[in-house]
Each structure stands twice: as C-alpha cells, then as structure tokens.
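Coordinate inspection notes
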2 protein chains.
Amino acid sequence: MSDPATIEKRASIGARRNPATHEAVLDAAEALLRESGLAGFSIEGVARRARAGKPTIYRWWPTKTQLLLDVYQRLKLNIRPPDTGTIEGDCLAFLVGLLGYWRQGPGQVFRSIFAEAQTDERAAEALRAYTADRRANTARIFERAKARGELRPDADAAVAAEIIAAFAWSRLLTGRLDADEAELRPVVQQMVRGMLA
Amino acid sequence: MSDPATIEKRASIGARRNPATHEAVLDAAEALLRESGLAGFSIEGVARRARAGKPTIYRWWPTKTQLLLDVYQRLKLNIRPPDTGTIEGDCLAFLVGLLGYWRQGPGQVFRSIFAEAQTDERAAEALRAYTADRRANTARIFERAKARGELRPDADAAVAAEIIAAFAWSRLLTGRLDADEAELRPVVQQMVRGMLA
C-alpha cells in the first residue's frame, strides 16, 4: 500500500471517497460506539482507531451526526423490509422489527441523533435528509400493496409511510419501546383500514 | 405580605405550593425564556427574577425540564381544543393550530425538552407524563366524534390521538413546520377515513 503509484492514484482522486478507508472509518466508529457508548464517541477517537486523518473524516462526514447516521444506517441494513403478503402483516412486522431493533441498543444512537438535531442546524439537515430517504423506502411497502390491489388507488404511500414512521419515533423518543405484537396490531389496523380497497 | 401571620401560614403549608409564588416563578420563567432564550435559561436566573429561593423552585420542579414543560403548557392553554363539528375538521384544526403555534416560537422550547429527554432519565419521565396527559386530552376529539355517531364504535380514540400527535411531533423534530392546510388535509383524511362509521 505504500507503493508510490498507489499513493499517486489516491491523491489524484481528491475528495472522492476511498472505499477501503471509508469502510475502515465506519468500522472504527461502530467499534468505538459499542465499546465507549455515545459519551465516549468523538471524531478524534474514530480517527485514531481507523488510523485516518481527522481532515479526511471531516471531509466525508462534516458533522459527528452524519457519521453516526451512517453507522446507524449500516447496522440497519441487516433488517430486511417486511414482505408478508398483506399490508397489515407488513406494517406490523415493520413496527415490531423496528422497536425490537431499537431495544437492542441502536435506539439510543438514533435518540442521540434526534437530540443533536434539535439544537444544531447541520445535524437537523442531516437528519432531515436521512429520514426523507428512509420514508421513501418505507413507502414501498404501501406501493407494493397498491400494486397488488389491496389498497385504494388514491391511498397515498408517502403519507402512510410518514404516519407509521412518526408513530415509531414517538415510541422511541418517549422511551416506550416495550410494545409487543398484541399492542401494536390494533394500532396498525387503525392506520391501514382507511386505505384498504 | 411581610405580615408575620402570613409568614407563619406560608411556613405551615410546608411543601404545598403557594399559588402566588407558584405563579411568580412561572411568570419569571416565561419572561426569562422570552428575553434570553433557552441558552440563557436557568433555575438560578428564574429564582433571581421571581425573588424566590432556589430550594423552593427545586422542590416544585425537580428538573429544569419540568419547569419548562409547565411554562410551555401554560402558553398552550390559550389554544382552545377544536370543535368544528366533524372529525376531519377537528383533526385539521388540531394540526394547523399546533404547527402554527410551534412556528411562533414555543416549538423551540418543546424541541429542547425532547432533546433533554433523550439523555436525561428524569427529563424523559417528565416528558412521558406530560405527553400521556396531553394524549388523553387530544383523545376527547375522537370520543366526541364517536358519541355523535361519526366514528365506528370500535374506533380507538387513544390510538388515534397518539397517531396524530406523533405525526405533529415528527414535523416539529425534523424542522418541517411549514405545512399548510392544503398539505395537511389529505394527511388527516387518510388518518381518519378508516375510523368513520
């Protein structure tokens, strides 16, 4: 890796992300988060652990919040979007899966990101962009149900995605993650009934 | 007020709130918040302004968050719960009114309370109690609609109240308060349609 050709090549890509370093930073951030928690999480600590320069990290993740969001999102990628065949089943699996995932620890990361976003405008912008992206992803559950004729043609998938995500956040942000399927099923039924064909 | 009998009487009620001092503290807190913002808000500053002892304030409001919640709630009491005659009208008025109220400034107070509650367990407990109380209040909109036969008998007013409040919070906490009636009406329609009789 210290081959001069390699160094020249790296320098030539400028601000573009080097995939290996990019992953190393995310690995380091995730490990630091697991070991030291949010209180011990800093760009400096991540840089040291990843053997990367702080300016490099700041170029890719201008704020700590953006780095945390990427770590959080990478952890979440292991969760497959539900596809149970019915909108009620999908929405229930979505809520049960998300609350259960948050309970395991990542909920506290997401809570901290929300906290940061209430007083820091750059963190707020990062959270807004992230949640818009996730909302579009969640909307697919409803678009699929429309496509198979389960929902009314005028059901708004984006609005439905926002409503179910907002409900999940409200449980997270008020520390009420202990809801089980029996509690969540009537919530989901009330949410989707008006959209059914 | 420096009459010895009064002083004796005050002392005798112990930890019970003296209404005059109680109001003076809330007045001082509200004035300090308006003048100095959240950054300049402290129990010490409130005590100085209200000419009250810090121990007195802490006895009534063990955390800054609880005092902020009381100030925030007192400001909100001027907002009358909507009663337009239809559930769609009421829900729309609820969302339009709440987002508009938050835009005028108090939204930042509530955002700070949410932020505090993500890392401080006492603040979280205060927020949980406050939101449970407000949810019960919002549920009345749906109970009234059930009573007049507009909603299905099995519609769950508490769940409906939680869903609409969660939606409003999600707009507040991601800094998306600029929604107008035209944007909110289809959201409300999708929320309530499944509950209609």
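Residues numbered from 1 in each chain as written. Chains lettered and ligands numbered in written order. Predicted model: local features only at pLDDT ≥ 70, side-chain atom pairs only at ≥ 80, totals over all residues. Heavy atoms only, no water.

1. A short note on the packing of aromatic side chains
One pair of aromatic rings is described through two measures. These are the centre distance and the angle between the planes. All names here are of chain A. Cut-off, in case you're wondering: Pairs were defined over the aromatic rings of Phe, Tyr and Trp, the Trp ring being its six-membered one, requiring ring centres within 6.5 Å. Orientation was assigned from the angle between planes: stacked under 30 degrees, edge-to-face over 60, tilted for the rest. Under the scheme used here, helices are H or I runs from DSSP no shorter than 4 residues and strands are E runs no shorter than 2 residues, and both carry numbers assigned from the N terminus. Burial classes follow relative accessibility: with a 1.4 Å probe on protein chains only, a residue under 20% of its type's maximum area counts as buried, one over 50% as exposed, and anything between as partly exposed.
Inspection of the entire model under this criterion finds 16 aromatic pairs over all chains. A ring pair is formed by Tyr72 and Tyr130, whose centres lie 6.1 Å apart and whose planes are at 65°; its orientation type is edge-to-face. Placement of Tyr72 in helix α5 (residues 64-76) and of Tyr130 in helix α8 (residues 121-147) is noted, with a sequence separation of 58 residues between them. Each of the two residues, Tyr72 as well as Tyr130, counts as buried.

2. Thoughts on the environment of Leu67 of chain A
All names here are of chain A. Note the threshold: Residue contacts are defined here by distance: any two heavy atoms, one from each residue, within 4.5 Å place the two residues in contact.
For Leu67, the location among the structural elements is in helix α5. A relative accessible area of 0% places Leu67 in the buried class. Among all residues touching Leu67, those that are not within four sequence positions of it are Val25, Leu26, Ala29, Phe41, Ile43, Val46, Ile57 and Trp61.

3. Some remarks on the pattern of salt bridges
The condition that has to hold: Criterion for a salt bridge: a side-chain nitrogen of Lys or Arg within 4 Å of a carboxyl oxygen of Asp or Glu.
Following the criterion strictly, the structure yields 38 salt bridges over all chains and no others. Glu162 of chain A serves as the salt-bridge partner of Arg176 of chain B, at 3.2 Å between the closest nitrogen and oxygen. Of this pair, Arg176 of chain B sits in the loop between α9 (157-173) and α10 (181-192) while Glu162 of chain A sits in helix α9 (residues 157-173), each in a different chain. With a closest N to O distance of 2.8 Å, Arg34 of chain B and Glu30 of chain B form a salt bridge. Of this pair, Arg34 of chain B and Glu30 of chain B are both found in helix α2 (residues 19-36), four residues apart, which corresponds to roughly one turn of the helix. Judged by relative accessible area, which is 17%, Glu30 of chain B ranks as buried.

4. A closer look at the environment of Leu69 of chain A
All names here are of chain A. Along the chain, the position of Leu69 falls in helix α5. What makes Leu69 buried here is its relative accessible area of 5%. Considering only alpha carbons, one finds Leu69 and Ala132, 63 residues apart in sequence, at a separation of 13 Å. Other than its neighbours up to four places away in sequence, Leu69 contacts Phe110, Ile113, Ala126, Leu127 and Tyr130.

5. What about the interface of chain A and chain B?
The line we're drawing: A quick way to say it: buried area is the sum, across both parts, of accessible area lost when two parts are put together, with a 1.4 Å probe. Polar contact is the term for a pair of N or O atoms within 3.5 Å; when the atoms are in protein, one must be able to donate a hydrogen and the other to accept it, and sequence-neighboring residues count only if both atoms are side-chain atoms. Under the scheme applied here, ten amino acids are nonpolar (Ala, Val, Leu, Ile, Met, Phe, Trp, Tyr, Cys and Pro), four are charged (Asp, Glu, Lys and Arg), and all others, including Gly, are polar.
In this assembly, 34 residues from chain A lie in contact with 34 residues from chain B. With both chains or domains summed, chain A and chain B bury close to 3,000 Å², and 55% of this area falls on carbon and sulfur atoms. In this structure, Asp154 of chain A and Arg193 of chain B form a salt bridge, with 4.0 Å as the shortest nitrogen-oxygen distance. For the pair chain A and chain B, the number of links is 16 residue pairs in polar contact (both at pLDDT 80 or more). Going through the elements one at a time, α7 (106-117), α8, α9 and α10 (181-192) of chain A are the ones with two or more residues in the side of chain A that touches chain B. Sorting elements by how many residues they give to the side of chain A that touches chain B places α9 of chain A first, with eleven residues. Classifying every residue of the side of chain A that touches chain B gives 16 nonpolar, eight polar and ten charged.

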